[in-house]
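# A look at the structure
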Amino acid sequence: MASAAEQLAANMNMGSFAKATELHKRLLFTLGALLVYRIGTYVPIPGINSQAFLQFFQNPDGQRGILDMFNMFSGGAVERMAIFALNVMPYISASIIVQLMGTVYPPWEKLKKEGGESGRKQLNQYTRYLTVFLALAQSFGIAAGLNSTAGLVDNPGIFFIISTVVTLTGGTMFLMWLGEQVTARGVGNGISLIIFAGIVAVLPSTIARLLGLAQQGQMSAFALLFIAILAVATVVFIVFMERAQRRLLIQYPKRQEGNRMAGGERSFLPLKVNTAGVIPPIFASSLLMLPTTVATMTANADLPSWMSWLPLVTAQLTHGQPLFMALYAALIVFFCFFYTSITFNPEDTAENLRKYGGFLPGIRPGKRTAEYLDYVLTRLTVIGAAYITAVCLLPEFIVSQFGNSLYFGGTSILIVVSVTMDTVAQIQSQLLAHQYEGLIKKAKLRGRGGRGAPTPVRR
C-alpha cells in the first residue's frame, strides 16, 4: 500500500504547479541569476584585445589542455576572456581541499564531526578564504601570461595586471555569492547550476557542428542517427546508475519506556553505487591535461634539453589517443576509490550505529559492522568506477572516429544529468510541501479549546 507521501506525489500535476506561487518565485529568481551569469560571460576584462585573443585561443595548431575544459565549464567565457573566465572553479577546488583537510587535519576534523551547524559555517568560511587565495593566484598567472604575449593586450603593464587580477577575482567571488543566493532563495544547488548553465550553453554549437558535418557529407546519416541514439541511451544509463543504491537493513532493539515497549523500528542505510560523484573524472582530466597546458604556454620558448620529451608526450595525451584513454581510465578508477574512502568512513558509520543502538541483522556491532560496510562499499565502488569509466571513455571513442570538433566530455554529461536530476527532485519536494500546506489549510486544524473547535457531545 502506498504511503501518504507517495499518494500526494502521484497527484502532482500542472494544476498543483500553477498554485505553488512560492515555487514560481524561486524558479524566476534562479532563471534571473543564471541570466546574469550568462551576460557576464560576454563582458571582456578591461584592456584585452578580444578579437586577437579569440583568434589565439581558436588556433587550430592543437589543443590548449586544461583551458579547453575550463572553457566548456564556463560556457565559452575563457575564449572571450570575460570577467567570469575563472568561473567557480577556484571555489570547487577550495571545497575539495577543505573536504580533504577535514579528514587529515585534526582541528578541522573535530569541527566537521562535533561542531554541528557552527562547525559547518566555520568550514564554509575557510572555503571562502581559500577561494579568494586560489582566485588571486590563478588570475595573477593569467594576467602575467596575457601581459607577456604580444598583441593580446592594448596597453601592457603593471596597471593591466592589477586590473585583471581584481576583475577576475571579483568575478569569481560574485559567482560564489550568486550561487549561495540561488541555493538559499532559488531551486537547486547554485554552484552546480552555474556550472550546468555553462556546459549547456556550448551544447547547441556542438549539435550545429554535428549537423554541419552531416550536411557537408563528411558524416553519413546512419552515423548521425547512431550518435543520437547513443546519446539518449547514455543519458538513460546515467540516470539509472545515479539512482542505483544498495540499501542495508538496520534494526533498532525494543526498549522499555514506562509501561509500554518502544523501539524495534527498521530503517535502511542507502549506499550509492556512485559515491564519488563527478570528482574522479575532473581530477583525472586535470592531471592528463597539465602536460598539454604547459606545452601550449611554452610553445614559443626555448625548452631545456631535459624537457625534450614534452612535445612527444603531449602528442599522445590528446583526446582520442590510446595512451590518453588508458591513463584516463586508470586515473578515474584510482580517484573513485580514493575519494570514496574520504567521503565515507565505515568505522565512523559503524560507531554511530552502535552509539544509537542500531545494528545490521546477523552482524555484530562495532568492528564487524565496519568490516562488512567496507566489504559492501568496495564492491559498489568497483561497479561505480566501471560505470564512470565507460561514460567518460565513450566520447573519446567518438573523438577517435570523428575528430575533436564533436568533443563533449563524459564529465560534462555526468554533471548535466546529475544537476538536472537534483533540481527536478527539489522542485518535486517543493510541490509536495505545497500540497501538505494545502491539506493543513483545508483541514482547519486548531488547538484544543481554540476558536471554532467543535463542542463535545455528552452521552
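First things first, this report covers the structure right here in the doc. All values derive from a computational prediction rather than experimental measurement. (Residues numbered from 1 in each chain as written. Predicted model: local features only at pLDDT ≥ 70, side-chain atom pairs only at ≥ 80, totals over all residues. Heavy atoms only, no water.)

Tracing the backbone shows F133 in helix α8 (residues 116-148). With a relative accessible area of 56%, F133 lands in the exposed category. The spacing of F133 and P90 is 43 residues in sequence and 8.6 Å in space, taken between C-alpha atoms. (Helix = DSSP H or I, 4+ residues; strand = E, 2+ residues; numbered from the N terminus. Buried < 20%, exposed > 50% of the residue type's maximum accessible area, 1.4 Å probe, protein only.)

Enumeration according to the criterion identifies 5 salt bridges in this entry. Across the pair E22 and R26 runs a salt bridge whose closest N-O atoms are separated by 3.7 Å. Taken as a pair, E22 and R26 lie in helix α3 (residues 21-40) at a separation of 4 residues, close to a single helical turn. The partly exposed category is assigned to E22, whose relative accessible area is 44%. Ionic pairing is found between E242 and K272, a salt bridge with its closest N-O pair at 3.8 Å. With E242 in helix α12 (residues 221-243) and K272 in strand β4 (residues 266-272), the pair connects residues that are 30 residues apart, well separated along the chain. Taking the relative accessible area as the measure of exposure, K272 reaches 36% and is therefore partly exposed. (Salt bridge = Lys/Arg side-chain N within 4 Å of Asp/Glu carboxyl O.)

Phi is positive for M81, which is not a glycine, with a value near 45°. Relative to the elements of secondary structure, M81 occurs in the loop between α5 (66-73) and α6 (89-104). In the Ramachandran plot, N87 falls in the positive-phi region, its phi being about 55° despite a non-glycine side chain. Here N87 lies in the loop between α5 and α6.

With 13 residues, helix α11 (residues 203-215) extends 18 Å from end C-alpha to end C-alpha; this agrees with the ideal 18 Å at 1.5 Å per step. Note on α11: the residue one or two positions beyond its end, G217, has a positive phi of about 85°. (Expected span 1.5 Å × (residues − 1).)

Nonpolar side chains in soluble globular proteins tend to be buried together. In terms of nonpolar packing, the biggest core is built from 33 residues, with I238, L271, Y328, I332, Y387, I388 and L414 touching the most fellow members. For this core, the elements supplying multiple residues, two or more each, are α12, β1 (245-251), β4, α13 (279-297), α15 (322-343), α17 (367-402) and α18 (410-443). Element by element, the count of residues in this core is highest for α17, at 10 residues. With residues near it in sequence (within four places) discarded, Y328 still touches P281, A284, S285, L288, C392, L393, E396 and T411. In this structure, Y37, V182, I195 and A197 belong to the second largest nonpolar core, which totals 27 residues. (Core = buried A, V, L, I, M, F, W, Y, C linked by side-chain atoms within 4.5 Å. Contact = heavy atoms within 4.5 Å.)

It is worth spelling out the environment of L414 at this point. Residue placement: L414 occurs in helix α18. The class of L414 is buried, set by a relative accessible area of 1%. Distance from L414 to V235, taken between C-alpha atoms, is 8.5 Å for residues 179 residues apart in sequence. Those residues in contact with L414, other than ones at most four positions away along the chain, are I238, E242, V278, P281, Y387, I388, V391 and C392.

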